[in-house]
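# Coordinate inspection notes
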Amino acid sequence: LTRLLPQGENGVGSRVVRVGTRRSQLARIQTDSVVEMLCELYPDLRFEIVAMSTTGDKILDTALSKIGEKSLFTKELENALERNEVDLVVHSLKDLPTSLPLGFTIGAVCKRENPLDAVVFHPKNCGKTLSLLPEKSVIGTSSLRRAAQLKMKFPQLEFRDIRGNLNTRLKKLDEKEDFSAVILAAAGLKRMGWENRIGQLLSPEDCLYAVGQGALAVEVRAKDQEILNMVSALHDTDTVLCCIAERAFMKRLEGGCSVPVAVNTVLKDGQLYLTGAVYSLDGSDSLKETMQTSVNYSQQNEDGPNDDVQHVGITAKNVPGRAQDAAENLGVELASLLLSKGAKHILSVARQLNDAR
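Residues numbered from 1 in each chain as written. Predicted model: local features only at pLDDT ≥ 70, side-chain atom pairs only at ≥ 80, totals over all residues. Heavy atoms only, no water.

### Section: the overall build of the protein chain
- A count of helical and extended segments in the protein chain gives 11 helices and 13 strands.
- The contacts of the protein chain with a sequence gap of at least 6 include a subset with a gap of at least 24, amounting to 72%.
- With an accessible surface of roughly 15900 Å², the protein chain has 47% of that area assigned to carbon and sulfur atoms. (Helix = DSSP H or I, 4+ residues; strand = E, 2+ residues; numbered from the N terminus. Contact = heavy atoms within 4.5 Å. Areas by Shrake-Rupley, 256 points an atom, 1.4 Å probe, with all protein chains shown as cover.)

Rendered as structure tokens:
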């Protein structure tokens, strides 16, 4: 491994910084965008990308919700981070569990891309919307969250698992007659340059999105102060606060990809609004509530150094600590409200039914 060389003017040693990523095209595009930002901030540094396959990339014949592994797309990358083979790892934030393994932290959450879900239609259905598709049309999604909400909204449609990276899923859609449409994250399609394939954007009224969807996270070793300081410049304050609230909501519910949990966050005029919901697998049973809190705190009011406090796995050195506390409390309180109304029962039944499928 490259030794640290004398300090550069920017306070970061002149060195090669190794960046871990998944091998998929989308993961590489996302990692390249983060490395590009870092290159602009630290022109003296050289960045080297190390790509690897993860469990989630290898098991393509099973629904994500059935594999039951919380760190499907992250474990191999974290192993490399632990062995000092890489210095930081770029993930889609929604792939990261709400509790990270000891010794790791999310050192940066970049500005969020559009978090909504999008419908990509088979070429023969071009120009349609979900409501205009013929009865019994099959929609592909590997997400229990999407299926549960859309089954309620569009009971005339059928929903079936579809796995693989974005390229694979679009190929399955276009080249076969199995699916009339697939549901994907708008953010991934936009980053791939396939925005023109989006036939319909699903509003939060149609489909609340996944926790952290659309945001990129940079995971680092919690004790590597130099790298932590370096990547913290990438934090986007609004995205950090929204994602802390969402992750705290999910953590309190003990949700994951094996149960349908969904959110929508809006930050406006210093007020953070969080809508959270849980669903049964068929969407017939659900609970949804919205709460808000003020996150209007400035960095100047902070008492003493609070650098390494984590909020649901995120270390945000340059975001006011009191605002982060408020965001985390909002997520916990909203989840507690849903739990008091029976969310635990809905989720445990969903978990059992999913396990039995």
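The rest of the description comes next.
### Digging into the sheet that holds strand 2 (residues 46-52)
- Taking strand neighbours across the sheet as the criterion, the five strands line up as 2-1-3-10-4 in an open arrangement whose pairing is mixed. Of all strands in the sheet, those bounded by a partner on one side alone are strand 2 and strand 4 (104-109). Across the sheet, the axes of successive neighbouring strands diverge by a mean angle of 30°, strand direction being ignored.
- Pairing of strand 1 (residues 16-22) with strand 2 involves seven bridges; the strand directions are parallel. In the strand pairing of strand 2, Thr-21 is matched with Ala-51. (Pairing = 2+ DSSP bridges. Axes fitted to C-alpha atoms, helices over the stretch in contact; angles between N-to-C directions.)

### Quick notes on helix 6 (residues 166-175)
- Three or more residues of helix 6 are buried, namely Leu-166, Arg-169, Leu-170 and Leu-173. Each buried residue of helix 6 lies within a common arc of 95° when the element is viewed along its axis, so the set occupies one face. Along helix 6, exposed side chains directed more than 90 degrees from the buried face belong to Lys-171 and Glu-175.
- On its buried side, helix 6 packs onto helix 1 (25-41), strand 5 (117-121), strand 8 (181-185) and helix 7 (186-191).
- At the N-terminal end of helix 6, a side-chain oxygen is found 3.2 Å from the backbone nitrogen of Asn-167, two or three residues along, and the residue is Asn-165. (Buried < 20%, exposed > 50% of the residue type's maximum accessible area, 1.4 Å probe, protein only. Arc of directions from axis to C-beta. Polar contact = N/O pair within 3.5 Å; in protein donor to acceptor, adjacent residues only side chain to side chain.)

### Topic: the sheet that holds strand 6 (residues 138-140)
- Reading across from one edge, 7-6-8-5-9 is the order of the five strands in this open sheet, with mixed pairing throughout. What marks the edges here is a single partner per strand, and that holds for strand 7 (158-160) and strand 9 (200-202). Averaged over all pairs of adjacent strands, the angle between their axes in this sheet comes to 30°, without regard to strand direction.
- Here strand 6 pairs with strand 7 via three bridges, running parallel. Residue pairing for strand 7: Ile-139 is matched across the bridge by Phe-159.
- Along the sheet face, helix 5 (residues 144-153) touches strand 5, strand 7, strand 8 and strand 9 and points at about 125° away from the line of strand 8.
- Set on the sheet, helix 6 makes contact with strand 5 and strand 8; between it and strand 8 the angle comes to about 165°.

### Re the packing of helix 9 (residues 237-253) against helix 10 (residues 321-340)
- Between helix 9 and helix 10, whose axes approach to 7 Å, the crossing angle comes to 35°. In this structure, helix 9 meets helix 10 at a crossing whose hand is right-handed. Contacts between helix 9 and helix 10 pair Leu-241, Ile-244, Ala-245, Ala-248, Phe-249, Arg-252 and Leu-253 from the former with Ala-323, Gln-324, Ala-327, Glu-328, Leu-330, Gly-331, Val-332, Leu-334, Ala-335, Ser-336, Leu-338 and Leu-339 from the latter.
- The class makeup of the residues in the contact of helix 9 with helix 10 is 14 nonpolar, three polar and two charged. (Left-handed = near helix turned anticlockwise from the far one by under 90°. Nonpolar A, V, L, I, M, F, W, Y, C, P; charged D, E, K, R; others polar.)

### Observations concerning unusual backbone geometry
- Backbone geometry places Asn-84, a non-glycine residue, at a positive phi of 60°.
- The exposure class assigned to Asn-84 is partly exposed, which follows from its relative accessible area of 34%.
- Although it is not a glycine, Asp-269 adopts a positive phi angle of roughly 50°.
- Among the secondary structure elements, Asp-269 is positioned in the loop between strand 11 (261-268) and strand 12 (271-279).

### Some thoughts on the side chain of Gln-149
- Its location among the elements puts Gln-149 in helix 5.
- Within the structure, Gln-149 has its side chain in polar contact with the backbone nitrogen of Leu-208 (distance 2.6 Å).
- The contacts of Gln-149, once residues within four sequence positions are left out, are Asp-206, Cys-207, Leu-208, Ala-262 and Tyr-279.

### Re helix 11 (residues 343-356)
- In this model helix 11 runs 20 Å from its N-terminal to its C-terminal C-alpha over 14 residues, within 8% of the 20 Å that 1.5 Å per residue would give.
- Residues of helix 11 that are buried: Ala-343, Ile-346, Leu-347, Ala-350 and Asn-354. Considered in projection along helix 11, the buried side chains sweep an arc of 90° and stay on one side of the axis. Those residues of helix 11 that are exposed and angled more than 90 degrees off the buried face are Lys-344, His-345, Gln-352, Asp-355 and Ala-356. (Expected span 1.5 Å × (residues − 1).)

### Side note on the environment of Glu-254
- Assignment of secondary structure puts Glu-254 in the loop between helix 9 and strand 11.
- Given a relative accessible area of 54%, Glu-254 falls into the exposed group.
- For the pair Glu-254 and Thr-98, spaced 156 residues apart in sequence, the C-alpha separation works out to 8.9 Å.
- Leave out the neighbours within four places in its chain, and Glu-254 touches Lys-344 and Arg-351.

### Examining the pattern of salt bridges
- Enumeration according to the criterion identifies 14 salt bridges in this entry.
- Here Lys-153 ties to Asp-206 by a salt bridge, and the two come within 3.5 Å at their closest N and O atoms. One end of the pair, Lys-153, is in helix 5; the other, Asp-206, is in the loop between strand 9 and strand 10 (216-221), and 53 residues separate them in sequence.
- For Lys-153, a relative accessible area of 42% translates into the label partly exposed.
- Taking relative accessible area as the criterion, Asp-206 reaches 17% and is therefore assigned buried.
- Each of Asp-87, Arg-221 and Asp-224 takes part in a single network of salt bridges with overlapping partners. (Salt bridge = Lys/Arg side-chain N within 4 Å of Asp/Glu carboxyl O.)

By themselves, these observations are geometric and do not establish any function.
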